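The lines below spell out each chain.
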Amino acid sequence: MRIVVLAGGIGGARFLRGLKQAAPDADVTVIGNTGDDIHLFGLKVCPDLDTVMYTLGGGINEEQGWGRTDESFQVKAELAAYGVGPGWFGLGDRDFATHIVRTQMLGAGYPLSAVTEALCARWQPGVRLLPMSDDRVETHVAVEVDGERKAVHFQEYWVKMRASVDALAIVPVGAEQAKPAPGVLEAIAAADVILFPPSNPVVSIGTILAVPGIREAIADAGVPVVGLSPIVGDAPVRGMADKVLAAIGVESTATAVAEHYGSGLLDGWLVDTVDAAAVAGIEGAGIRARAIPLMMTDVDATAAMAREALALAEEVRA
């Protein structure tokens, strides 16, 4: 079975770990969000790609869900001693090595997709990890601070500002001019199933879909497309999905997110058991729906979610 998964950071990475347990023999291609990418200290940092790579490769800080395990922060402290910022983004010493290698390879002319493949050769994540695009795309958030409206990088909004103010608009800068990375459209065309894990529907999966050609390829693939709701009981399981959903005029409910993706893209949608009452309405919108436990409390629970997603895909196919 060939499975394509669109993935953001922590939620996508943890779902993939469960999917690998649920379907150990599947050929899994992950299309990773690069809208969170940022340049810091002269280095190219790809938070979502690295979170998937570290999580599946056994190097993730399990408590945080991001960054390296057994991390230290001597380089960050030394940079701060020189007065070099930003101090709000915490790159650890082990993590720095990944970004140095990536930046050196990019500087030598290798595209991000080739660099990602080279980095994965060390971590052996057990999936094919592709960036959504080799082109530079950065998600920016429009906010109002002290009466002034301005745009900030998504990382600044989330990490520095901690989503403490309303997001007024979400703009994937550069997405309209970007092209899918090599292998992305081919993987979608060859897939048997396409899955949207419980990643942020706006700044993770939404940014991937903003790259011209990707949404259209998924809609035209002719295979089941099944998603898992990141909203449980009208609130995001983690993160600030409610803030960014509000910015695009979508309610923070499992139903609203399903309708946001739409029946032209989505064939099946899993909601949590607390949202079971929403199933009828979602099916009325032309999307097959089921209510199951959606909390990724451990790998076994996540694997059960993945099995339900694949089972729903088979229902749709039949």
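Located above this text is the structure these notes cover.
If you're wondering where the values come from, they're calculated on a predicted model, not measured in any experiment.

Trainee: Looking at this structure, how should I read the packing of aromatic side chains?
Mentor: Two aromatic rings, taken as a pair, are described by how far apart their centres are and by the angle between their planes. Under the criterion given, the structure shown has five aromatic pairs. With a centroid separation of 5.9 Å and 50° between ring planes, the pair formed by Phe-41 and Phe-96 is classed as tilted. Here Phe-41, found in the loop between β3 (38-40) and β4 (43-45), pairs with Phe-96, found in helix α4 (residues 93-107); they are 55 residues apart in sequence, far enough to count as distant. Among the aromatic side chains, those forming a connected cluster through ring pairs are Phe-196, Tyr-261 and Trp-269. In this structure, Arg-68 packs its charged tip against the face of Tyr-54, placed 5.5 Å from the ring centre.

Trainee: Any chance you could explain the environment of Pro-197 here in plain terms?
Mentor: Here Pro-197 lies in the loop between β9 (193-196) and α8 (205-209). The exposure class of Pro-197 is buried, given its relative accessible area of 1%. Measuring from C-alpha to C-alpha, the distance between Pro-197 and Ala-13 comes to 8.9 Å, with 184 residues separating the pair along the chain. Ignoring sequence-local partners within four residues, the contact set of Pro-197 consists of Val-5, Leu-6, Ala-7, Gly-12, Phe-15, Ile-205 and Leu-228.

Trainee: Is there a simple way to think about unusual backbone geometry in this case?
Mentor: In terms of backbone geometry, most residues other than glycine have negative phi values and most peptide bonds are trans. The linkage connecting Gly-85 with the following residue, Pro-86, adopts the cis geometry, with an omega of 5°. On the secondary structure map, Pro-86 appears in the loop between α3 (74-81) and α4. One non-glycine residue, Gln-124, lies in the positive phi region at around 50°. Note on placement: Gln-124 falls in the loop between α5 (112-123) and β5 (128-131). Given a relative accessible area of 57%, Gln-124 falls into the exposed group. The residue Arg-162 is not glycine, and still its phi comes out positive at about 50°. Mapping Arg-162 onto the fold places it in the loop between α6 (154-160) and β8 (169-173).

Definitions and cut-offs
Residues numbered from 1 in each chain as written. Predicted model: local features only at pLDDT ≥ 70, side-chain atom pairs only at ≥ 80, totals over all residues. Heavy atoms only, no water. Phe/Tyr/Trp six-rings, centres within 6.5 Å; stacked < 30°, edge-to-face > 60°. Helix = DSSP H or I, 4+ residues; strand = E, 2+ residues; numbered from the N terminus. Lys NZ or Arg CZ within 6 Å of the ring centre and 35° of its normal. Buried < 20%, exposed > 50% of the residue type's maximum accessible area, 1.4 Å probe, protein only. Contact = heavy atoms within 4.5 Å.

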